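These are the residues of each chain, in order.
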Amino acid sequence: MPSLSSQDRGGQENTGNDALLVKAARRDPAAFAALYRRYVTPIYRYLYSRVGSAADAEDLTAQTFVAALEGLPGYRERGNFAAWLFTIAHNKAADHRRQEHPHLPLDEALDSPDHDENPMTSMMRKETLQRLSALVAGLEEDKQELLRLRFAGSLTYAQIAQVVGSSEGAVKMAVHRLLNRLEAGWEESDE
């Protein structure tokens with residue numbers, strides 16, 4: 001099975017910086033650009049993994065940041081900005097899904113072809129992603145969402161906990177169990 005790291009990606013160091021950037025953006029909306037630059041790629045990746053269309057993901061990303069900018073005066077510092085922003089993105093994706101019901105295979109969401117990659121490597125990568133996609137598709141939607149937030153959104157366990165309304169320990173345990181379940185399924189499909 002491909003290695004899926006379960007380590008946090010440094011979200012704690014951004015929390016303090018985010019608070020300063022939020023304060024600046026409240027005084028001057030142009031300062032919001034720094035928060036946008038920091039989070040636009042993870043938000044887009046997360047939304048693309050949810051909706052499967054680059055155009056829809058771009059629209060939802062824009063809607064997410066517009067809603068965040070408009071909601072900034074009401075944002076309270078009790079959580080952290082990334083979790084708040086991903087909650088907005090999560091809600092935008094849920095609204096979109098209710099309207100359209102699209103389904104994106106995980107291999108398409110994660111597949112970003114490398115033009116320098118040789119055809120054999122590309123084919124093997126595609127097969128690996130298809131196998132992984134099939135395993136993930138067998139999970140319940142809430143479990144898939146945890147994986148999207150963790151790996152497509154690059155959120156820390158604490159941030160995911162805020163988005164899904166759970167404790168950090170429960171999220172960490174759930175992701176760990178999901179990875180073990182996927183690994184067991186992967187090994188089973190190798191036999």
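Residues numbered from 1 in each chain as written. Predicted model: local features only at pLDDT ≥ 70, side-chain atom pairs only at ≥ 80, totals over all residues. Heavy atoms only, no water.

Quick notes on the side chain of R50
Thinking step 1. Here R50 is to be found in helix α2 (residues 32-51).
Thinking step 2. Engagement of the side chain of R50 in a polar contact is seen with the side chain of Y46, the distance being 3.0 Å.
Thinking step 3. In this structure the side chain of R50 is engaged in a polar contact, spanning 3.5 Å, whose partner is the side chain of H90.
Thinking step 4. Beyond its immediate stretch of four places on either side in the chain, R50 contacts H90, A93, A94, R97, E141, E145 and R148. (Helix = DSSP H or I, 4+ residues; strand = E, 2+ residues; numbered from the N terminus. Polar contact = N/O pair within 3.5 Å; in protein donor to acceptor, adjacent residues only side chain to side chain. Contact = heavy atoms within 4.5 Å.)

Thoughts on the packing of α2 against helix α3 (residues 54-71)
Thinking step 1. With their axes 8 Å apart at the nearest point, α2 and α3 run at an angle of 140 degrees to one another. By the angle between their axes, α2 is oblique relative to α3. For the element pair α2 and α3, the recorded crossing hand is right-handed. Residues F32, L35, Y36, Y39, V40, I43, Y44, L47, Y48 and V51 of α2 form the contact with α3, whose own contacting residues are A54, D56, A57, E58, L60, T61, T64, F65, A68 and L69.
Thinking step 2. Split into classes, the residues belonging to the contact of α2 with α3 amount to 16 nonpolar, 2 polar and 2 charged. (Axes fitted to C-alpha atoms, helices over the stretch in contact; angles between N-to-C directions. Parallel < 35°, antiparallel > 145°, perpendicular 65-115°, else oblique. Left-handed = near helix turned anticlockwise from the far one by under 90°. Nonpolar A, V, L, I, M, F, W, Y, C, P; charged D, E, K, R; others polar.)

Regarding unusual backbone geometry
Thinking step 1. In this structure, S154 is a non-glycine residue whose phi angle is positive, near 60 degrees.
Thinking step 2. Looking at the secondary structure, you find S154 in the loop between α7 (141-152) and α8 (157-164).
Thinking step 3. Residue classification places S154 among the partly exposed positions, given a relative accessible area of 22%. (Buried < 20%, exposed > 50% of the residue type's maximum accessible area, 1.4 Å probe, protein only.)

A short note on the nonpolar core
Thinking step 1. In terms of nonpolar packing, the biggest core is built from 42 residues, with F32, Y39, I43, L47 and F81 touching the most fellow members.
Thinking step 2. Of all the secondary structure elements, the ones that give two or more residues to this core are α1 (11-27), α2, α3, α4 (81-100), α6 (119-137), α7, α8 and α9 (168-190).
Thinking step 3. Take this core: its biggest share by element is 9 residues, from α2.
Thinking step 4. When neighbours within four sequence positions are excluded, F32 is seen to be in contact with A25, F65, A68, L69, L72 and F81. (Core = buried A, V, L, I, M, F, W, Y, C linked by side-chain atoms within 4.5 Å.)

What about the packing of aromatic side chains?
Thinking step 1. What the rule picks out here adds up to 8 aromatic pairs.
Thinking step 2. Between F32 and F65, the aromatic rings sit 6.3 Å apart at their centres with planes inclined by 70 degrees, giving edge-to-face as the arrangement. Placement of the pair is F32 in helix α2 and F65 in helix α3, with a sequence separation of 33 residues.
Thinking step 3. Since its relative accessible area comes to 5%, F65 is described here as buried.
Thinking step 4. With a centroid separation of 6.0 Å and 20 degrees between ring planes, the pair formed by Y44 and Y48 is classed as stacked. Within this pair, Y44 and its partner Y48 are both found in helix α2, separated by 4 residues, close to a single helical turn. (Phe/Tyr/Trp six-rings, centres within 6.5 Å; stacked < 30°, edge-to-face > 60°.)

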